[in-house]
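# Report on the structure
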Amino acid sequence: MSANTPKFCFVVHPLSLDDVARYEPGAKGKGAPIVRKIMEWMPPWNAVHVTGVRTPDGRETEGWFVSAPLLPEQMMEFPREEVYARILRAIEIGVEMGAEIAGLGAFTAVVGDGGVTIAERSPIPVTTGNSLTIAAGVQSFFRGADEMGIDPAASTAVVVGATGSIGAACVRLIAPRVGHVILVARNATRLAKFHEQIAPELPCESSFTTDISAAVRRAQLILTATSSTQDVIEPEDLQTGSVVCELSLPHDVSRRVATERPDVLVTEGGNMVVPGAPYFERVREPGSEFDLNLPPRTALACMSETMVLALENRLEPFTLGRGIDVRKVMEIDDMAKRCGFTLAGMRSFDTAVTAERIAQIREAADARRRVLAS
Ligand SMILES: NC(=O)c1ccc[n+]([C@@H]2O[C@H](COP(=O)([O-])OP(=O)(O)OC[C@H]3O[C@@H](n4cnc5c(N)ncnc54)[C@H](OP(=O)(O)O)[C@@H]3O)[C@@H](O)[C@H]2O)c1
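Keep in mind it's a predicted model, so treat the numbers as computed, not measured.

### Remarks on the sheet that holds strand S4 (residues 99-104)
- Taken together, the six strands give an open sheet; going across it, the order is S5-S4-S1-S3-S2-S13, and neighbouring strands pair in mixed fashion. One side of each edge strand has no neighbouring strand; the edge strands of this open sheet are strand S5 (126-127) and strand S13 (276-282).
- Strand contacts of helix H4 (residues 80-97): strand S1 (7-12), strand S2 (45-54), strand S3 (60-67), S4 and S5, with the helix running at about 150° to S4, the strand carrying the most contacts.
- Its contacts with the sheet place helix H12 (residues 301-311) against S1, S2, S3, S4, S5 and S13, and it is angled at close to 165° to S1.

### With respect to the packing of H12 against helix H13 (residues 326-338)
- Packing of H12 against H13 leaves a shortest axis separation of 10 Å and a crossing angle of 70°. Between H12 and H13, the crossing angle belongs to the class labelled roughly perpendicular. Across from Glu 305, Val 308 and Leu 309 in H12, the residues of H13 making contact are Ile 332, Met 335 and Ala 336.
- Broken down by class, the residue content of the contact of H12 with H13 amounts to five nonpolar, no polar and one charged.

### What about the domain arrangement of the protein chain?
- For the protein chain, the assigned domains read domain 1 (7-131 + 271-343) and domain 2 (133-270 + 347-373).
- Between the C-alpha centres of domain 1 and domain 2 there is a distance of 26 Å.
- Tallying the contact residues gives 28 residues for domain 1 and 23 residues for domain 2.
- In this assembly, domain 1 packs against domain 2 so that about 2000 Å² is buried in total across both faces, 62% of it on carbon and sulfur atoms.
- Along the contact surface separating domain 1 from domain 2 lie 13 residue pairs in polar contact (both at pLDDT 80 or more).
- For the side of domain 1 that touches domain 2, the secondary-structure elements that each account for two or more residues are helix H3 (72-77), helix H7 (130-147), strand S12 (271-273), strand S14 (298-300), H12 and H13.
- The biggest single contributor to the side of domain 1 that touches domain 2 is H13, with five residues.
- Per-class residue counts for the side of domain 1 that touches domain 2 are 18 nonpolar, six polar and four charged.

### What to know about the packing of aromatic side chains
- A full pass over the atoms with the stated rule returns three aromatic pairs.
- Three or more aromatic residues joined by ring pairs form one cluster here, namely Phe 10, Phe 65 and Phe 280.
- Sitting over the ring of Phe 142, Arg 177 keeps its end group 3.8 Å from the ring centre.
- Residue placement shows Arg 284 over the ring face of Trp 45; its charged tip is 4.0 Å from the ring centre.

Parameters and conventions
- Residues numbered from 1 in each chain as written.
- Predicted model: local features only at pLDDT ≥ 70, side-chain atom pairs only at ≥ 80, totals over all residues.
- Heavy atoms only, no water.
- Pairing = 2+ DSSP bridges.
- Helix = DSSP H or I, 4+ residues; strand = E, 2+ residues; numbered from the N terminus.
- Contact = heavy atoms within 4.5 Å.
- Axes fitted to C-alpha atoms, helices over the stretch in contact; angles between N-to-C directions.
- Parallel < 35°, antiparallel > 145°, perpendicular 65-115°, else oblique.
- Nonpolar A, V, L, I, M, F, W, Y, C, P; charged D, E, K, R; others polar.
- Domains from an automatic or database assignment.
- Buried area = accessible area lost by both parts, 1.4 Å probe.
- Polar contact = N/O pair within 3.5 Å; in protein donor to acceptor, adjacent residues only side chain to side chain.
- Phe/Tyr/Trp six-rings, centres within 6.5 Å; stacked < 30°, edge-to-face > 60°.
- Lys NZ or Arg CZ within 6 Å of the ring centre and 35° of its normal.

Here is the structure:
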């Protein structure tokens, strides 16, 4: 390890009951109500020791994924102060291990004010990791368009979750390259206000709606970044040959799309390949690797942002709250590249999207277009 490279911690939590069994194999086969009840009183615990993160110029860091074991809906429903207390305890565990910067995973960055209050109360700087998620997500979005032969400039794009921390910056970064962008969220007042404020700055046509189905039906390119705990993108609404890039965790796209719409490309937008030889070891079972449910050497972009800040010795609250400045997105993207992080290969519904798979999707889209035309 480089002598002065700080260590990091990252707060994780299970996204679903299946996830609980990955964190804690003993939970497999137990009924959902029991698992939920156990999680209500389960304290944060140190789940994963991350080693081997090494930049091409030899800088190295290590860190810990500390679990604040609540499901997304529990994070949203439980008293806010109780959830904050658990997240802060998870950060304290990281500090006890030697971490000097903390990242907030999935709903730990969504709950309340997007990390602002947590950062105020934390003994070390905190980042949500959303800036690098935005950078990776926008790159994945346009890679998907390219793979499907879609000309963005002639297309309508939809950002679902457009008023959110991630969604709002994605609108700004997508707009210069598409023909029209539709902003979608549930809260109509907030959405209208945001659109009024952002529309004059956007170089393309723009509109907004709370009707997700109607927006998706008009689009060839869709990016989702919602805090929904339910499916929001349904197979019936998707245009033939369209692309859905999803950043939300848990996912927004109905699993039915995988079986019912072979003519649509769905891609997870926020995965990155970590430089060096990253190893994610279960703290409770030394020698056994933690299954991140991602390909080898791959981590989420929000985890990667935390690692990059440690490697670059930038011990600061880099990304917090809503209203992220796109200059920060560019900055962390540059830092990540310098540290050797790269966009991961395309994945959809937990499987790699190969060139062969893309060819199949394009063929299915052509066939469906022919049927629709006749
Ligand atoms: N892949 C990664 O590495 C990564 C990293 C960080 C975060 N994430 C995920 O990204 C997602 C967004 O995070 P964020 O920090 O941007 O959250 P956020 O700031 O809370 O924004 C959420 C957005 O979604 C909208 N929304 C919520 N439920 C909706 C629904 N049912 N239909 C339509 N819109 C809905 C919200 O507006 P309304 O309330 O008005 O609907 C808001 O615009 C989360 O799922 C998070 O876990 C992924």
